[in-house]
Amino acid sequence: MNAFSRRGACPALSAPMQTGDGLLVRLNPVAGAPSFEGLTPKLLIELADSAQRHGNGIMEVTARGSLQIRGLTAETAALLAAEVDALGIAVRTGVPVETSPLAGIDPREIADPRPLAERVRVAVEDAGLTQRLGPKVSVVVDGGGQLTMDAVTADVRLKAVRADNDIVWSVSVAGDGRNAKVLATVDADAARDIAVATLRMVAEKGREAHARDLSERQLVSLAGWHSVAPPSVLPDISPTRGEIAHSCSASPISNAETAQHTSAFARTTPPAGQPISPPVGEMSGRTEGGASRKPIGLFPLAGDTFALGIALPYGSMPADKLIALTQSALTLGTTEIRLAPGRALLFLGQPQSANHRLQQAAAALGFVTSHTDPRTRIAACPGTPACASGRIATRDIAETIAAENADILDFTLHISGCAKGCAHPGPAALTIVGDENGAGLVVNATAKALPAGYRPGYDAARGFGRVAAVIRSARFQDETAAACLTRLGPAAIAETYQQAQTKKRK
């Protein structure tokens, strides 16, 4: 714990969190100009300059599309907050109610989610829930389109769905677009009410609670709720106080699927009738959170204009490089920059002819400009020497693996400096995690799991290269690397990871 913010909380501008490289603050800009929902290039340059002067010069865009500034002290964090205020950058407060970065301007979205999102924000505030909910409780309102919010986890999800000639909202809880539990499909009024009722249930359980902690009985009651009563007069909901009455119909709550995995180290013919790829899970090779498109590349908007998505490698970049890219964008006519879930920035307003030049400038600076870039499949925290909690040089390991093994990275590889797993809290196909024993390898689990094998931290990339070589030789034609990993099994993968070190000793 520290004097500023406990670990696990959201390190807002007013409540920085102590990390291994100093204090960290997280900003969620919601407006940087009267008519924009993002930042003007000049404001982003000013913000990056402030981060460079007051922090350690490292800026990050998170998986949820927040901006982080690292390496602050108590004194400089206060100075940064004052400068953000002076720049007139409006930042999000209260319970996060998140929408796509292209919300309202995407010609392919089913519905503009912003009006419903604003109604949910007001209802949550009116119900007095802001102070009763934990800092990581969130709501997603997804209008569909080119950049969905499928990969973002949330306590409550409202997603636009077409129904005949009408638009309704699918309400689900506790998960991302792939695994959240579906409760009901209702109109906007009922969707708002179910969202607020869910958050009231969560609040009744305390500030550490999330929607995943709700009982089956509570979920069934939510699934049957179709009232349009104002949220301010909804009854308190808890297991010991009157729950919302529910209909007699069965709840459409979905059950989590499970997949059976088999192990076979040698190249063999798959059993007849059995699919090569497992149906679900990280090791299926499917993208995390469903099939949502990565926020990289060109996204057509109205009037023959485009938004250009450019990602930060591993979500992190020195402030001076961010300034250089933004200055290039300003020169090329960019008028607005939006943060995007998936550790990216969206550049808007520049003429179509400028997009290729902006991509070239970004690539030269080391940014990610293609959705096929292998770095998009690797989640890596700062590690050593940036973070005092880190035990391995995560970014160096990641760069080596990405450069040497792009052909087999069709799954998520997590490289974590310690067992906290900050860069990728959920399970990954493979996780390299640093601890007192070196660089451990965890298979199809989180960084907190017990590693199946170890090797020295400086040699972790070599161990992964050995695993990659076995995948190349063992996988079937048209089989994904992720499916091949599943077939090989954790024991064989761990043995392979350690083999290179054993041979080196000889």
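Scope of this entry: the structure provided in the associated data block. Worth saying up front: this structure is predicted, and the values here are computed from it rather than measured.

Digging into the pattern of salt bridges
All told, the structure shown has 17 salt bridges when counted by the stated rule. Of the charged contacts, one joins Glu83 and Arg53 as a salt bridge, the two residues approaching to 2.9 Å between their closest N and O atoms. In this pair, Glu83 sits in helix α2 (residues 74–87) while Arg53 sits in helix α1 (residues 41–54), placing the two residues 30 residues apart along the sequence. Accessibility expressed as a relative area gives 23% for Glu83, which makes it partly exposed. Notably, a salt bridge pairs Arg114 with Asp112, separated by 2.8 Å at the nearest N-O pair. Under the relative-accessibility criterion, Arg114 is labelled partly exposed at 29%. In the salt-bridge network here, residues are joined through shared partners; they are Asp49, Arg53 and Glu83.

Describing the sheet that holds strand β12 (residues 297–300)
Strand order in the open sheet formed by four strands is β12-β13-β16-β15, with antiparallel pairing between adjacent strands. The open sheet is flanked by β12 and β15 (336–340), the only strands paired with a single partner. Each strand of the sheet is rotated relative to its neighbour by a mean of 25°, with strand direction disregarded. Sitting on the sheet, helix α7 (residues 355–364) touches β12, β13 (306–311) and β16 (344–348), and the angle it makes with β13 is about 5°.

A short note on the packing of helix α3 (residues 114–126) against helix α4 (residues 188–204)
Running from N to C, α3 and α4 point in directions that differ by 40°, and their axes come no closer than 10 Å. Comparing the axis directions of α3 and α4 gives the class oblique. Crossing of α3 over α4 shows right-handed handedness. Residues Leu116, Arg119, Val120, Ala123 and Val124 of α3 form the contact with α4, whose participating residues are Ala188, Asp189, Arg192, Val196 and Leu199. Residues of the contact of α3 with α4, tallied by class, amount to seven nonpolar, no polar and three charged.

Thoughts on the sheet that holds strand β10 (residues 166–175)
Within the open sheet, the five strands sit side by side as β7-β8-β9-β10-β11. Their pairing is mixed. Across the chains shown, the open sheet's two edge strands, defined by having one partner strand only, are β7 (97–98) and β11 (181–186). Pairing of β7 with strand β8 (residues 139–142) involves two bridges; the strand directions are parallel. In the strand pairing of β8, Glu98 is matched with Val140.

Cut-offs used in this document
Residues numbered from 1 in each chain as written. Predicted model: local features only at pLDDT ≥ 70, side-chain atom pairs only at ≥ 80, totals over all residues. Heavy atoms only, no water. Salt bridge = Lys/Arg side-chain N within 4 Å of Asp/Glu carboxyl O. Helix = DSSP H or I, 4+ residues; strand = E, 2+ residues; numbered from the N terminus. Buried < 20%, exposed > 50% of the residue type's maximum accessible area, 1.4 Å probe, protein only. Pairing = 2+ DSSP bridges. Axes fitted to C-alpha atoms, helices over the stretch in contact; angles between N-to-C directions. Contact = heavy atoms within 4.5 Å. Parallel < 35°, antiparallel > 145°, perpendicular 65-115°, else oblique. Left-handed = near helix turned anticlockwise from the far one by under 90°. Nonpolar A, V, L, I, M, F, W, Y, C, P; charged D, E, K, R; others polar.

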